[in-house]
Amino acid sequence: MTKLKSPASKTAPDNELIATIEEQSAELRLLRKEVAEWKKKYEKGELRDIAFTNSEKELRPIYTPLDSAETSAEALGMPGFYPYTRGVHPTGYRGRLWTMRQFAGFGSARDTNERYKFLLAHGQTGLSVAFDFPTLMGYDSDHSRSEGEVGKCGVAISSLADMETLFDGIPLDRVSTSMTINGPAVILYCFYIAAAEKQGVDSAKLRGTIQNDILKEYMAQHAWVYPIEPALRLIVDCFEWSAEHVPQWNTISISGYHIREAGATAAQELAFTLADGFTYVERGIARGLDVDTFAPRLSFFWDIHNDFFEEIAKLRAARRIWARHMKERYGAKDPRSLVMRFHSQTAGVTLTAQQPMNNVIRVAYQAMAAVLGGTQSLHTNSMDETLALPTEESVQVALRTQQVLAYETGVPNVIDPLGGSYYVETLTTELEREAEMYFRQIEEVGGVVRGLETGWLQRKINESAARQQWEIEQHRRVIVGVNDFVTDEPELKIELLKIAEATEREQRIRMAKMRAERDSDLVEKRLSALREAAKTPQNLMPFILDCARAYCTLYEIRAAMETVFGAYREPVFF
């Protein structure tokens, strides 16, 4: 393949510059001729009867310098320098490997505490909390709506007492903790801060992330509590208060993961997630906050799907878009505000119940794509997660997948090793262009909030999900073990984690004991103060934290604000 030479420097004499341009033009003519000759042979060849697509578009069979010519040297840059296409750290993984997290939580706080200690003992470097569905929706374990769901899909946390148990024996000034929760996120965040205080740990020493991304809940995951506007108010309250009191904490993890899991394409995940991020920035600025006081603590969370190169390009494009918009659109001056820091997780939606051992292979490739894309933190799914919460054995295999990648493959030795690839650079630029197109469309419908209220964003994701399902059913997209390579042999049996029915009963007993022992007068006083504060423009974080310290329960705190804010009811869009 003919390689294009770089143009001569601006200081070269005119005749040398002219000679270089003529030489480059000749090389381009030769390259076009080579491509034309190859195309004739390609068109005469026999092709497999399958769609050669990524998550949305048909791919060209080969990429050359003609395709990647639009990527300028400035757009590519160097690692650790604007626009951060090649990574946010100049040393890449040579300086520090990504944080290896395993999303964990099941049963009671005591059950999950034991799992955390197991993971830390086996080399995990950060904790990631999965909450059960009642907790995600802001209900206590003893609430009537929690019946049958306590501890089933995550850990049950209903008060400070549960949070203390969850991290018993785990010094919170020495670990980084990620908590995946959104509607009642600030309440769980306050439980965590109060638990740290009980350990004698100052909030300024806490490191971690609270997902706290409510916009994508209305768009894709549907675990909400309050209407959009008061929910956004709580998030900005969290930005403002945490900048002073918990400066090392990431106050939001703007999440494309759930958007992609709902059926979005890579370009939609990229665009809709960044549009949510821009909305949070705008709300913070509207509050009167200097963008550089809260933007450095914004983080992102990406889904790593099956198309290897598309996922790498998506992460590279995301960094470049975020840096440019923060600098040019929002006037950020602090370099930390321009740097996109993110966690990645392999795609749960790609896991199959059929031939579950295949999931180990899928996860390994997805993990490699995340690392080649420059993730700072990674969760690898376990092979049995499509069937149940993972067992300790399957979690260990998932963690070992990251460790083999980190220490045996050589992948971390070179920063952005696919940088300069004709294919990857073209994909990066194309995804960036598609994201900008979606930004314009979102602006035309009135912004993200209006797009949610009218169902525009939800419909876009639904259309994409329907198309992808059609491709699978029509065998245009092969899923190994599902619509091809299906075996008639008995399925491999693997051990599944079972949550004991006694978990809910024991949790109710613990809650009754906690309620009996706490200061009931103080509880009512703190809840009343929160209700009154919610009627004013005051920052609610100090009031929620006071409620947490008094052992007010999750639902009690939720309900106190709900009497003022109301509850969200999803309009019918389809």
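**Quick notes on the overall build of the protein**
And then number 1: From N to C terminus, the protein includes 24 helices and 9 strands.
And then number 2: Over its C-alpha trace the protein gives a radius of gyration of 25 Å, about what one expects of a compact globule, namely 25 Å for 574 residues.
And then number 3: Reported as C-alpha extents along the three principal axes, the dimensions of the protein are approximately 85 × 65 × 50 Å.
And then number 4: The burial tally for the protein puts 55% of its 574 residues in the buried class.
And then number 5: Of the contacts formed within the protein by residues at least 6 apart in sequence, a portion of 79% connects residues at least 24 apart.
And then number 6: Carbon and sulfur atoms provide 53% of the accessible area of the protein, an area that totals close to 25,300 Å².

**As for helix 21 (residues 502-517)**
And then number 1: Here helix 21 contains 16 residues, and its C-alpha end-to-end distance of 23 Å stays within 8% of the 22 Å for a straight helix at 1.5 Å per residue.
And then number 2: Inspection of helix 21 places Ala502, Thr503, Glu504, Gln507, Met511 and Met514 among the buried residues, and these make up the whole buried set.
And then number 3: Contacts from the buried residues of helix 21 go to helix 5 (109-121) and helix 7 (160-166).

**As for the side chain of Arg86**
And then number 1: By the element assignment, Arg86 lies in the loop between helix 3 (73-76) and helix 4 (92-95).
And then number 2: One polar contact links Arg86 to Asp416, side chain to side chain, over a distance of 2.6 Å.
And then number 3: What Arg86 contacts, discounting residues up to four positions off in sequence, is Leu76, Gly77, Met78, Pro79, Arg316, Arg319, Ile415, Asp416 and Gly419.

**Some details on the packing of helix 12 (residues 266-286) against helix 14 (residues 308-328)**
And then number 1: For the pair helix 12 and helix 14, the least separation of the axes is 10 Å and the interaxial angle reads 25°. On the basis of the axis angle, helix 12 is roughly parallel to helix 14. Crossing geometry of helix 12 relative to helix 14 is assigned as right-handed. Where helix 12 abuts helix 14, its residues Ala266, Glu269, Leu270, Leu274, Gly277, Phe278 and Val281 lie against Glu310, Glu311, Lys314, Ala317, Ala318, Ile321, Trp322, His325 and Met326.

**Side note on the side chain of Thr429**
And then number 1: Within the element layout of this structure, Thr429 appears in helix 18 (residues 422-444).
And then number 2: The contacts of Thr429, once residues within four sequence positions are left out, are Thr71 and Arg320.

**Concerning the pattern of salt bridges**
And then number 1: One pass over the structure, following the stated rule, counts 36 salt bridges.
And then number 2: Across the pair Arg549 and Glu197 runs a salt bridge whose closest N-O atoms are separated by 2.7 Å. Separated by 352 residues along the polypeptide, Arg549 in helix 23 (residues 541-549) and Glu197 in helix 8 (residues 185-198) bring together distant segments of the chain.
And then number 3: Glu562 is the partner of Arg558 in a salt bridge, and the nearest nitrogen-oxygen pair spans 3.0 Å. Separated by 4 residues within a single helix, Arg558 and Glu562 lie in helix 24 (residues 554-565), roughly one turn from each other.

**Some points on the packing of aromatic side chains**
And then number 1: Scanning the model with the defined rule gives 24 aromatic pairs in all.
And then number 2: Pairing Tyr139 with Tyr555 gives two aromatic rings, centres 5.6 Å apart and planes at 20°, and the pair type is stacked. Of this pair, Tyr139 sits in the loop between helix 6 (133-136) and helix 7 while Tyr555 sits in helix 24; the two residues are 416 residues apart in sequence, bridging distant segments of the chain.
And then number 3: Relative accessible area serves as the criterion here: at 26%, Tyr555 is assigned to the partly exposed category.
And then number 4: Ring plane angle 35° and centroid distance 5.5 Å describe the contact between Tyr189 and Trp249, whose orientation is recorded as tilted. One end of the pair, Tyr189, is in helix 8; the other, Trp249, is in strand 5 (residues 249-250), with 60 residues separating them in the sequence.
And then number 5: Taking the relative accessible area as the measure of exposure, Tyr189 reaches 1% and is therefore buried.

**Examining helix 14**
And then number 1: A rise of 1.5 Å per residue sets the reference length of helix 14, with its 21 residues, at 30 Å; its end C-alpha atoms lie 31 Å apart and thus fit the reference within 8%.
And then number 2: In terms of residue burial, helix 14 counts as a mostly covered element, since 16 of its 21 residues are buried.

**Remarks on the confidence of the model for the protein**
And then number 1: Residue-level pLDDT values for the protein average 91, and 95% of them are 70 or greater.
And then number 2: Confidence drops under a pLDDT of 50 for residues 1-5, and excluding neighbours within four residues, the segment shows 16 contacts in the predicted structure.

**So, unusual backbone geometry**
And then number 1: Here the amide bond leading from Tyr82 into Pro83 is cis, since omega sits at 5°, within 30 degrees of zero.
And then number 2: Along the polypeptide, Pro83 turns up in the loop between helix 3 and helix 4.
And then number 3: Here His222, not a glycine, exhibits a phi torsion of approximately 70°, which is positive.
And then number 4: Here His222 lies in the loop between helix 9 (215-221) and helix 10 (228-245).

**Describing the packing of helix 8 against helix 10**
Each pair of packed helices gets described by two things: the angle between the helix axes and the distance between those axes.
And then number 1: At a minimum axis distance of 11 Å, the contact between helix 8 and helix 10 shows a crossing angle of 30°. As summarised for this structure, helix 8 and helix 10 are arranged roughly parallel, according to the angle between their axes. Contact residues: helix 8 offers Val186, Tyr189 and Ile193, while helix 10 offers Leu234, Cys238, Trp241 and Ser242.
And then number 2: Partitioned by chemical class, the residues of the contact of helix 8 with helix 10 number 6 nonpolar, 1 polar and no charged.

**Side note on the pairing of strand 3 (residues 176-180)**
And then number 1: The buried fraction of strand 3 amounts to 5 of the 5 residues, a majority that puts the element mostly inside the structure.
And then number 2: By the alternation rule, side chains of strand 3 split into Ser176, Ser178 and Thr180 and Thr177 and Met179, which are all buried.
And then number 3: Bridge analysis of strand 2 (residues 126-130) against strand 3 gives 4 bridges, and the strand direction is parallel. Its bridge partner being in strand 3, Ser128 is matched across the sheet by Ser178.
And then number 4: As judged from the 4 bridges shared by strand 3 and strand 4 (residues 207-210), these two strands associate in the parallel manner. Within strand 4, the residue paired with Ser178 across the bridge is Thr209.
And then number 5: Crossover handedness for the path strand 3 to helix 8 to strand 4: right-handed.

Scoring rules and cut-offs
Along each chain, numbering runs from 1 in the same order as the chain's sequence is written. Residues qualify for local features only when their pLDDT is at least 70, as the model is predicted, and side-chain atom pairs are given and counted only at 80 or more; totals for whole chains, interfaces and linings, by contrast, use all residues. Side-chain figures throughout are based on the complete set of non-hydrogen atoms in the structure, without hydrogens or water. Strands are runs of DSSP state E lasting at least 2 residues, helices are runs of H or I lasting at least 4, and numbering of each runs from the N terminus. Throughout, radius of gyration means the C-alpha value; the globule benchmark is 2.2 Å times the number of residues raised to the power 0.38. Only protein chains enter the accessibility calculation, which uses a 1.4 Å probe. A residue is then buried if its area is under 20% of the maximum for its type, exposed if over 50%, and partly exposed in between. Residue contacts are counted whenever heavy atoms from the two residues lie within 4.5 Å of one another. Exposure was quantified through the Shrake-Rupley algorithm and a 1.4 Å probe, taking into account, for residues, occlusion by the shown protein chains and nothing else. Helix span is expected to be 1.5 Å times the residue number reduced by one. In protein, a polar contact means a hydrogen-donor-capable atom and an acceptor-capable atom, both N or O and within 3.5 Å, with residues adjacent in sequence counting only if both atoms are side-chain atoms; elsewhere, any N or O pair within 3.5 Å suffices. Simply put, an axis is a line fit to the C-alpha atoms, just over the touching stretch for a helix, and the angle between two N-to-C directions goes from 0 to 180 degrees. For classification purposes, angles smaller than 35 degrees are called roughly parallel, those larger than 145 roughly antiparallel, those between 65 and 115 roughly perpendicular, and all remaining angles oblique. For any pair of crossing helices, the crossing counts as left-handed if the nearer helix is rotated counterclockwise from the farther one by less than a right angle, and right-handed if it is rotated clockwise. Basic side-chain nitrogens of Lys or Arg form a salt bridge, by our definition, when they fall within 4 Å of a carboxyl oxygen of Asp or Glu. Stacked, tilted and edge-to-face are the three classes assigned to paired rings of Phe, Tyr and Trp, where Trp is represented by its six-membered ring and a pair needs centres within 6.5 Å; plane angles under 30 degrees give stacked, over 60 edge-to-face, the rest tilted. Residue-level confidence of the predictor, termed pLDDT, takes values from 0 up to 100. Side-chain classes follow a simple rule in which Ala, Val, Leu, Ile, Met, Phe, Trp, Tyr, Cys and Pro form the nonpolar group, Asp, Glu, Lys and Arg form the charged group, and the remainder, Gly included, forms the polar group. Here a strand pair is declared whenever DSSP counts at least two bridges between the two strands. For a crossover, the right-handed case is the one in which the path from the first strand over the helix to the second runs clockwise, viewed with the strands pointing away from the viewer.

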